[in-house]
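One-letter residues, chain by chain:
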Amino acid sequence: MPDINSPDLISASAPAQSKNTRPAEHHAKLAQTHVKAHVKTEKLDAGLYLVATPIGNLRDITLRALDTLSSADLVLAEDTRRARILLNAYKIKASVTAYHDHNVAKKLPSVIKSIMSGKSAALISDAGTPLINDPGYKLARACIDAGLPVFSVPGASAVLAGLVSSGMPPDKFMFAGFLPPKFAARKRALEDVQNVPASLIYFETAKRITASLEDILTVFGDRQIAIARELTKKYEEILRGTARELLARIKETPLRGEIVLVIAPPNAPEPWDETRLRTALRPLIKTEGVKRAAAQIAALSGHKKRDVYAVALKLKNED
Ligand code: SAM
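### Regarding the overall build of the protein chain
Line of reasoning, step 1. Check the secondary structure of the protein chain and you find 12 helices and 10 strands.
Line of reasoning, step 2. Within the protein chain, buried positions represent 33% of all 319 residues.
Line of reasoning, step 3. Long-range contacts, defined here as pairs at least 24 residues apart, represent 72% of the contacts in the protein chain between residues at least 6 apart.

Shown next, in the form of structure tokens:
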């Protein structure tokens with residue numbers, strides 16, 4: 001999570017800082033000079049605004065997020081102290097109130113009431129996109145059920161930042177939050193998804209990464225994995241390798257910081273060779289005919305229907 005007092009804050013891509021300023025001060029200063037001029041404060045439509053905030057580098061905030069935070073009647077924050085650090089960095093004065101897992105029952109009805117009366121409420125979490133393993137789902141759902149507008153103000157999320165830098169196929173992916181901390185539940189959770197034909201994304205902690213990798217190795221075998229650590233921060237690092245290779249590496253140098261784990265999809269099975277195709281097709285052609293036999297075998301063999309049909313036809317003509 002972003003902490004502007006932390007020396008980790010600035011990523012390598014941030015502009016150079018003067019020798020006399022601490023990274024956090026430099027960062028906040030840049031934010032104020034370059035962005036403040038663009039912030040628009042204006043009356044927002046009534047509704048709930050789900051506002052993404054940086055996951056490390058404070059400059060990863062969108063101009064629309066700043067507009068929304070400076071314009072909303074109410075800013076709801078998972079942690080008001082952290083929210084103030086962010087708002088102060090951008091010189092935004094806002095009325096901030098706590099909204100977290102422990103005060104939902106108390107807070108939710110009053111927020112709904114405010115929005116019903118025409119107010120705008122912006123929800124932020126400690127870092128990244130609210131609702132994604134962060135508070136907000138019950139509130140968004142309650143707004144929807146009450147017919148109130150819910151707006152997304154998109155921006156950073158560790159999920160997509162981790163995926164795109166992992167080197168794993170991004171065309172199909174499944175994000176599954178944190179793996180359970182206890183061994184039996186974690187193993188079950190992994191068994192449930194071991195055949196999902198997609199890249200798998202998990203949030204992970206430095207404390208549990210070794211145990212999780214060991215279980216991944218047991219359940220999935222030695223798949224390719226990327227560990228994306230401290231994304232957008234000073235010590236950002238992506239480790240890539242098989243589960244076994246990464247375990248060996250971590251044993252030598254234990255990991256620190258925040259982690260996204262991305263696991264490669266299972267290898268697609270090799271398509272059948274012609275001998276296997278012919279063996280499967282021969283009896284089926286007799287009972288089902290060429291067309292249906294080809295369709296059935298195409299579904300199993302990893303070949304296109306058209307190609308299996310050509311083999312089936314050849315077989316029939318040979319007999
Ligand atoms: N809602 C947030 C989001 O959209 O990114 C995620 C909140 S979740 C409670 C926090 C977890 O996200 C961390 O434990 C870590 O697994 C991951 N995470 C957050 N920031 C990260 C970063 N800079 N680098 C790597 N992982 C991060």
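### Describing the site of the ligand
Line of reasoning, step 1. Lining the immediate surroundings of the ligand are 24 residues, of which G128, S157, A158, F203 and L231 lie closest.
Line of reasoning, step 2. Within the residue set of the shell around the ligand, elements represented by two or more residues are α6 (158–166), β7 (199–205), β8 (224–229) and β10 (258–263).
Line of reasoning, step 3. In the shell around the ligand, the residues fall into 10 nonpolar, eight polar and six charged.
Line of reasoning, step 4. Two domains each donate at least three residues to the shell around the ligand, and these are domain 1 (23–155) and domain 2 (159–263).

### Here we look at the packing of helix α10 (residues 274–288) against helix α12 (residues 305–318)
Line of reasoning, step 1. Contact pair α10 / α12: the axes reach a minimum separation of 10 Å and the direction vectors enclose 65°. Note on packing geometry: the crossing formed by α10 with α12 is right-handed. Contacts between α10 and α12 involve E274, L277, R278, L281, R282 and I285 from the first element and V308, V311, A312, L315 and K316 from the second.
Line of reasoning, step 2. The residue inventory of the contact of α10 with α12, partitioned by class, reads seven nonpolar, no polar and four charged.

### Describing the sheet that holds strand β5 (residues 150–153)
Line of reasoning, step 1. Taken in spatial order, the five strands make up an open sheet running β3-β2-β4-β1-β5, and their pairing is parallel. Whereas interior strands pair on both sides, the edge strands pair on one side only; in this sheet they are β3 (96–98) and β5. For this sheet, the mean inter-axis angle between neighbouring strands, taken without regard to orientation, is 25°.
Line of reasoning, step 2. Pairing analysis gives four bridges linking strand β2 (residues 74–77) to strand β4 (residues 120–124), with the strands arranged parallel. Among the inter-strand pairings, L74 is bridged to a residue of β4, identified as A121.
Line of reasoning, step 3. Sheet contacts for helix α3 (residues 80–89): β2, β3 and β4; angle to β3, the most-contacted strand, approximately 155°.
Line of reasoning, step 4. Together, β1 (47–51), β2 and β4 form the strand contacts of helix α4 (residues 104–116), whose direction differs from that of β4 by roughly 140°.

### Considerations on the nonpolar core
Line of reasoning, step 1. Core analysis: the largest hydrophobic core is formed by 60 residues, its most contacted members being V51, V75, A121, A122, L123 and V262.
Line of reasoning, step 2. The dominant element in this core, judged by the number of residues it contributes, is β10, at five residues.
Line of reasoning, step 3. Ignoring any residue separated from it by four or fewer positions in sequence, one finds L123 in contact with L48, Y49, L50, V51, L76, Y99, P130, G136 and L139.
Line of reasoning, step 4. Residues I285, A293, V308 and A312 belong to the second largest nonpolar core, which totals eight residues.

### Observations concerning unusual backbone geometry
Line of reasoning, step 1. For K91, which is not a glycine, the phi torsion comes out positive at approximately 55°.
Line of reasoning, step 2. Take K91: it is sitting in the loop between α3 and β3.
Line of reasoning, step 3. Judged by the 14 C-beta atoms lying within 10 Å of it, K91 falls in the partly exposed class.
Line of reasoning, step 4. One non-glycine residue, E230, lies in the positive phi region at around 50°.
Line of reasoning, step 5. Looking at the element boundaries, E230 is found in the loop between β8 and β9 (237–242).

### With respect to the sheet that holds strand β6 (residues 173–178)
Pairing between the strands of a sheet is mediated by backbone hydrogen bonds and can be parallel or antiparallel.
Line of reasoning, step 1. The sheet built from five strands is open, its strands ordered β6-β7-β10-β8-β9 with mixed pairing. Looking at which strands have only one partner, the edges of the open sheet turn out to be β6 and β9. When strand polarity is set aside, the average angle formed by the axes of neighbouring strands in this sheet is 20°.
Line of reasoning, step 2. In terms of strand pairing, β8 meets β10 through five bridges, oriented antiparallel. Counterpart to I225 in the pairing with β10 is I263.
Line of reasoning, step 3. Along the sheet, helix α9 (residues 243–252) contacts β8 and β9; its crossing angle with β9, the most-contacted strand, is approximately 130°.

### Regarding the environment of E78
Line of reasoning, step 1. Inspection of the secondary structure assignment puts E78 in the loop between β2 and α3.
Line of reasoning, step 2. Between the alpha carbons of E78 and S125 there is a distance of 4.9 Å; along the sequence they are 47 residues apart.

### Side note on the packing of helix α11 (residues 290–301) against α12
Line of reasoning, step 1. In contact at an axis separation of 8 Å, α11 and α12 are set at 130° when each is read in the N-to-C sense. Taken together, α11 and α12 sit at an angle that is classed as oblique. Crossing of α11 over α12 shows right-handed handedness. Mapping the contact onto sequence places V290, A293, A294, A295, I297, A298 and S301 in α11 and K305, V308, Y309, A312, L313 and K316 in α12.
Line of reasoning, step 2. Here the residues of the contact of α11 with α12 sort into 10 nonpolar, one polar and two charged.

How each quantity is defined
- Residues numbered from 1 in each chain as written.
- Predicted model: local features only at pLDDT ≥ 70, side-chain atom pairs only at ≥ 80, totals over all residues.
- Helix = DSSP H or I, 4+ residues; strand = E, 2+ residues; numbered from the N terminus.
- Buried ≥ 20, exposed ≤ 12 C-beta atoms within 10 Å, placed from the backbone.
- Contact = placed C-beta atoms within 7 Å.
- Near = placed C-beta within 6 Å.
- Nonpolar A, V, L, I, M, F, W, Y, C, P; charged D, E, K, R; others polar.
- Domains from an automatic or database assignment.
- Axes fitted to C-alpha atoms, helices over the stretch in contact; angles between N-to-C directions.
- Left-handed = near helix turned anticlockwise from the far one by under 90°.
- Pairing = 2+ DSSP bridges.
- Core = buried A, V, L, I, M, F, W, Y, C linked by C-beta atoms within 7 Å.
- Parallel < 35°, antiparallel > 145°, perpendicular 65-115°, else oblique.

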